[in-house]
Amino acid sequence: MAASSRAQVLRLYRALLRESQRFSGYNYRTYAIRRIRDAFRENKNIEDSGKIEELLNKAKANLEVIQRQV
C-alpha cells in the first residue's frame with residue numbers, strides 16, 4: 001500500500017473512532033467502536049488498490065452517517 005493511502009486509511013480510522021466516542025448511549029458507542037475495529041482488522045491485508053478505494057469510500061459514507069446521528 002502506498003504511504004499516502006496508508007496515511008489516508010489511518011486518518012479515516014481515527015476519525016471514525018473519534019466520532020463514535022460522541023454517541024451518548026453506551027451500547028451504541030461500544031457497538032460502533034467494536035464494528036469499526038473489527039472491520040479495519042478484517043481488511044488490513046487487502047492489497048488490491050481498487051478494493052481499498054471501494055472500502056475507503058464505504059468508510060467515508062459511514063463516517064457521514066455517524067456524524068449525522070451524533
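Attention here is on the structure that accompanies the text. From a predicted model like this one, the values you see are computed outputs, not experimental measurements.

## Re the environment of Glu47
Step number 1: One can find Glu47 in the loop between α2 (26-42) and α3 (49-69).
Step number 2: Taking C-alpha positions, Glu47 is 9.8 Å from Ala2, a pair spaced 45 residues apart along the chain.

## Focus on the packing of helix α1 (residues 3-20) against α2
Step number 1: Contact geometry of α1 with α2 gives a least axis separation of 9 Å together with a crossing angle of 165°. The angle between the axes of α1 and α2 places the two elements in the roughly antiparallel class. As α1 packs across α2, the resulting crossing turns out to be left-handed. Judged by residue contacts, Val9, Tyr13, Leu16, Leu17 and Ser20 of α1 engage Arg29, Ala32, Ile33, Ile36, Arg37 and Phe40 from α2.

## Digging into the pattern of salt bridges
Step number 1: Summed over all chains, the structure comprises three salt bridges.
Step number 2: Between Glu19 and Arg22 there is a salt bridge, and its shortest N-O distance comes to 2.9 Å.
Step number 3: The partner of Arg41 in a salt bridge is Asp38, with the nearest N and O atoms 3.6 Å apart. With Arg41 and Asp38 both in helix α2 and three residues apart, the pair spans about one turn of that helix.
Step number 4: Overall, the relative accessible area of 54% leaves Arg41 in the exposed class.

## A look at the nonpolar core
Step number 1: Core analysis: the largest hydrophobic core is formed by 14 residues, its most contacted members being Leu12, Leu16, Ile36, Leu56, Leu63 and Ile66.
Step number 2: Elements represented by at least two residues in this core include exactly α1, α2 and α3.
Step number 3: Among residues more than four places away in sequence, those in contact with Leu63 are Leu12, Ala15, Leu16 and Glu19.

## A closer look at the packing of α1 against α3
Step number 1: As a packed pair, α1 and α3 sit with axes 10 Å apart at the nearest point and diverge in direction by 25°. As summarised for this structure, α1 and α3 are arranged roughly parallel, according to the angle between their axes. Considering how the two elements wind past one another, α1 and α3 form a crossing that is left-handed. The segment α1 lies against α3, with Ser5, Gln8, Val9, Leu12, Ala15, Leu16, Glu19 and Ser20 engaging Ile52, Leu56, Ala59, Lys60, Asn62, Leu63, Ile66 and Gln67.
Step number 2: Split by residue class, the contact of α1 with α3 holds nine nonpolar, five polar and two charged.

Rules of the game
Note on numbering: residues in each chain are counted from 1, in written sequence order. Since the coordinates come from a predicted model, pLDDT governs what is reported: local features require at least 70, and pairs of side-chain atoms require 80 or more to be given and counted, while whole-chain, interface and lining totals use all residues. Each side-chain value is worked out from all heavy atoms of the structure, with water and hydrogens disregarded. Strands are runs of DSSP state E lasting at least 2 residues, helices are runs of H or I lasting at least 4, and numbering of each runs from the N terminus. Axis lines are fitted to C-alpha atoms, over the contacting stretch for helices. Their N-to-C directions set the angle, which ranges from 0 to 180 degrees. Between 65 and 115 degrees an angle is taken as roughly perpendicular, under 35 as roughly parallel, over 145 as roughly antiparallel, and anywhere else as oblique. Left-handed describes a crossing whose near helix is turned anticlockwise from the far helix through less than a right angle; right-handed describes the clockwise counterpart. Whether two residues are in contact is decided by their heavy atoms: any pair within 4.5 Å suffices. One side-chain nitrogen of Lys or Arg within 4 Å of one carboxyl oxygen of Asp or Glu is enough to make a salt bridge. Throughout, exposure labels follow a simple rule: accessible area from a 1.4 Å probe, protein chains only, divided by the maximum for the residue type, with under 20% read as buried, over 50% as exposed, and the rest as partly exposed. Residues grouped as a nonpolar core are buried Ala, Val, Leu, Ile, Met, Phe, Trp, Tyr and Cys residues, joined through side-chain atoms within 4.5 Å. Polar here means any residue other than Ala, Val, Leu, Ile, Met, Phe, Trp, Tyr, Cys and Pro, which are nonpolar, and Asp, Glu, Lys and Arg, which are charged; Gly is therefore polar.

Just distances and angles here, no functional claims.
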